[in-house]
Amino acid sequence: MTVRVGVIGAGTIGQDHIRRLSQSLSNVAVVGIADVDRARAQSIVDKTPGAHVYTTGQDLIAASEVDGVVVATWGPAHEEFVLAALEHAKPVFCEKPLAPTTDACLRIVQSEVARGQRLVQVGFMRRCDPGYLAMKAALADGKIGSPLLVHCAHRGPSSPPMFSSDMLITDSAIHEIDLMRWLLDEEIVAGTVLRPRRSSRSPADLQDPLIVLLEMQSGVLVDVEVFVNAEYGYDIRCEVVGELGTLALGDTSEIVLRHAGLRAGHVPGHWIERFVTAYDMEMQAWIDSIGTGQAVGPTAWDGYTATAVASACVTSLESGVRTPVHLESRPALYANT
Ligand SMILES: NC(=O)c1ccc[n+]([C@@H]2O[C@H](COP(=O)([O-])OP(=O)(O)OC[C@H]3O[C@@H](n4cnc5c(N)ncnc54)[C@H](O)[C@@H]3O)[C@@H](O)[C@H]2O)c1
């Protein structure tokens, strides 16, 4: 079966998803692309045989030729398109964040619960990264005993225009927020955000870097350094400290160069490069799930929870104090996810 996909939002990640859907993955074809920037949509359609431009995302969702929808617009537009896909009973892959507010996320959750069927997969692709998968398996093995602490770093070379201090949390650290819930298999109960010395190389109105401290239900503490103008590359780190040892993400470099008295490896320049395998795997899993009719991967509930934790952290960024996370009760639809 070839799954016919429509993509709404042909920006940076939308274009990367269109490329992987049409060139790398199996049993899928991109049939439609919609973007408010119609010229951009047209330029991508011109490079995507079999696809054509839809005037609006709503038209694309309603089209009978579209089996599944990818939402890759900016965050505030996600809710409208995810709700429309649910109304048409179409599987929808929504980039993170599911929506920027907990109220918007809950409207999506309520719509999915009312249908009684999971149709939403959220783009928290790190759950498919081979390094994190190996860490999760090693934790389950019990080799390092119970986890006590996790140290994370989320560094990028430069922030895009209009990037604000709260986006270090809602856009960047939200990946660690989702990942810690998944890796440690427990909820985050509170967040505290600290403001270290600002980099003089970051835009003047940006508090960069930040330290985001997450408290897990069991008492495990997670510190996340978020530094989006780190200049030297896109560098993601994670180390779990357990009672019997530690577990860390490996070096992503394929080769180690020893030369002129130095030992060097490659640091990725962009998230597209660092997580290419994870993006491929999450998207193939979504395509396969449309074939089987059984949704997989991060749920709308996971999307809601990540936004709830990020919101608490943004409150802490503003107030400077520890902020508890408030979560609604988990609906039965998400009991085993
Ligand atoms: N999973 C990841 O690692 C990852 C990485 C990057 C971005 N993202 C997420 O993907 C989404 C898009 O990010 P991006 O970096 O590609 O942004 P972008 O600004 O490069 O692209 C967004 C595109 O959406 C279009 N758009 C906006 N509103 C629209 C609407 N109502 N209808 C149709 N098109 C609309 C814009 O014209 C633009 O082309 C964001 O939610 C972002 O957080 C996720």
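Residues numbered from 1 in each chain as written. Predicted model: local features only at pLDDT ≥ 70, side-chain atom pairs only at ≥ 80, totals over all residues. Heavy atoms only, no water.

Caption draft 1: Molecular detail of the overall build of the protein chain. The secondary structure content of the protein chain amounts to ten helices and 15 strands. For 337 residues, the compact-globule estimate of 2.2 N^0.38 gives 20 Å, and the C-alpha radius of gyration of the protein chain, at 20 Å, lies within 12% of that figure. Dimensions of the protein chain, computed from the C-alpha atoms along their principal axes, are close to 55 × 55 × 45 Å. Counting every position in the protein chain, which comprises 337 residues, the buried fraction comes to 53%. In the protein chain, of all internal contacts separated by at least 6 residues, the share reaching a separation of at least 24 is 71%. Computed over 27 positive and 40 negative side-chain charges, the inter-centroid distance for the protein chain is 3 Å. (Helix = DSSP H or I, 4+ residues; strand = E, 2+ residues; numbered from the N terminus. Rg over C-alpha atoms; globule rule 2.2 N^0.38 Å. Buried < 20%, exposed > 50% of the residue type's maximum accessible area, 1.4 Å probe, protein only. Contact = heavy atoms within 4.5 Å. Lys, Arg positive; Asp, Glu negative; His and termini not counted. Charge placed at Lys NZ, Arg CZ, Asp CG, Glu CD.)

Caption draft 2: The arrangement of the sheet that holds strand E5 (residues 92-94) in detail. Pairing is parallel in the open sheet, where six strands are placed in the order E3-E2-E1-E4-E5-E6. The open sheet has two free edges, formed respectively by strand E3 (52-53) and strand E6 (120-122), since each of these has just one partner strand. The sheet contact formed by strand E4 (residues 68-71) and E5 spans three bridges and is parallel. In the strand pairing of E5, Val69 is matched with Val92. (Pairing = 2+ DSSP bridges.)

Caption draft 3: Up close: helix H10 (residues 300-319). In a regular helix each residue adds 1.5 Å, so 20 residues correspond to 28 Å; H10 covers 29 Å between its end C-alpha atoms and thus fits that length. Judged by how many residues are buried, H10 sits mostly within the fold: 16 of 20 residues are covered. Two or three places before Trp301, at the opening of H10, Thr299 has a side-chain oxygen 3.1 Å from that residue's backbone nitrogen. In the stretch just after H10, Gly320 is the one whose phi turns positive, near 80°. (Expected span 1.5 Å × (residues − 1). Polar contact = N/O pair within 3.5 Å; in protein donor to acceptor, adjacent residues only side chain to side chain.)

Caption draft 4: Up close: a nonpolar patch on the surface. Taken together, the side chains of Leu148, Leu149 and Leu221 define a hydrophobic patch exposed on the protein surface, amounting to about 210 Å² of accessible area. Inspection of the secondary structure puts Leu149 in strand E7 (residues 147-155). (Patch = residues over 30% accessible without salt bridge, like charges linked within 9 Å, V, L, I, M, F, W, Y side chains within 5 Å. Areas by Shrake-Rupley, 256 points an atom, 1.4 Å probe, with all protein chains shown as cover. Salt bridge = Lys/Arg side-chain N within 4 Å of Asp/Glu carboxyl O.)

Caption draft 5: Inspection of the packing of aromatic side chains at higher detail. All chains considered together, the criterion is met by five aromatic pairs. Look at Tyr234 and Phe275: their rings are 6.3 Å apart centre to centre, the planes differ by 85°, and that puts the pair in the edge-to-face class. Taken together, the residues span a long stretch of sequence, with Tyr234 in the loop between strand E10 (221-227) and strand E11 (235-242) and Phe275 in the loop between helix H8 (271-274) and helix H9 (276-292) at a distance of 41 residues. One aromatic cluster in this structure is built from Trp301, Tyr304 and Tyr334. Residue placement shows Lys136 over the ring face of Trp182; its charged tip is 5.2 Å from the ring centre. (Phe/Tyr/Trp six-rings, centres within 6.5 Å; stacked < 30°, edge-to-face > 60°. Lys NZ or Arg CZ within 6 Å of the ring centre and 35° of its normal.)

Caption draft 6: Up close: the environment of Asp223. Mapped onto the secondary structure, Asp223 falls in strand E10. Owing to a relative accessible area of 23%, Asp223 belongs among the partly exposed residues under this scheme. Each C-alpha atom of the pair Asp223 and Glu65 lies 46 Å from the other, and the pair is 158 residues apart in sequence. Aside from chain neighbours lying at most four places away, what touches Asp223 is Val150, His151, Cys152, Val212 and Leu213. A distance of 2.7 Å separates a polar atom in the side chain of Asp223 from a polar atom in the side chain of His151.

Caption draft 7: View of helix H6 (residues 130-141). Look at H6: 16 Å from first C-alpha to last across twelve residues, which is about the 16 Å you get at 1.5 Å a residue. For H6, the full list of buried residues reads Tyr132, Met135 and Leu139. An end-on view of H6 places all buried positions within 55° of arc, on one side of the element. In H6, the exposed positions that point more than 90 degrees away from the buried face belong to Ala140 and Asp141. Next to the buried residues of H6 lie E7, helix H7 (167-184), E11 and strand E12 (246-248). Positive phi appears at Gly142, one or two residues downstream of H6, with a value of about 80°. (Arc of directions from axis to C-beta.)

Caption draft 8: Seen up close, the pattern of salt bridges. In the structure shown here, the tally under the stated rule is 20 salt bridges. Measuring nitrogen to oxygen at the nearest pair gives 3.9 Å for the salt bridge that ties Asp37 to Arg40. As a salt-bridge pair, Glu225 and Arg155 come within 2.6 Å of each other at their nearest N and O atoms. Of this pair, Glu225 sits in strand E10 while Arg155 sits in strand E7; the two residues are 70 residues apart in sequence, bridging distant segments of the chain. Judged by its relative accessible area of 16%, Arg155 is buried. Sharing partners across several salt bridges, the network here consists of Arg127, Asp178, Arg181, Glu187, Asp302 and Arg330.

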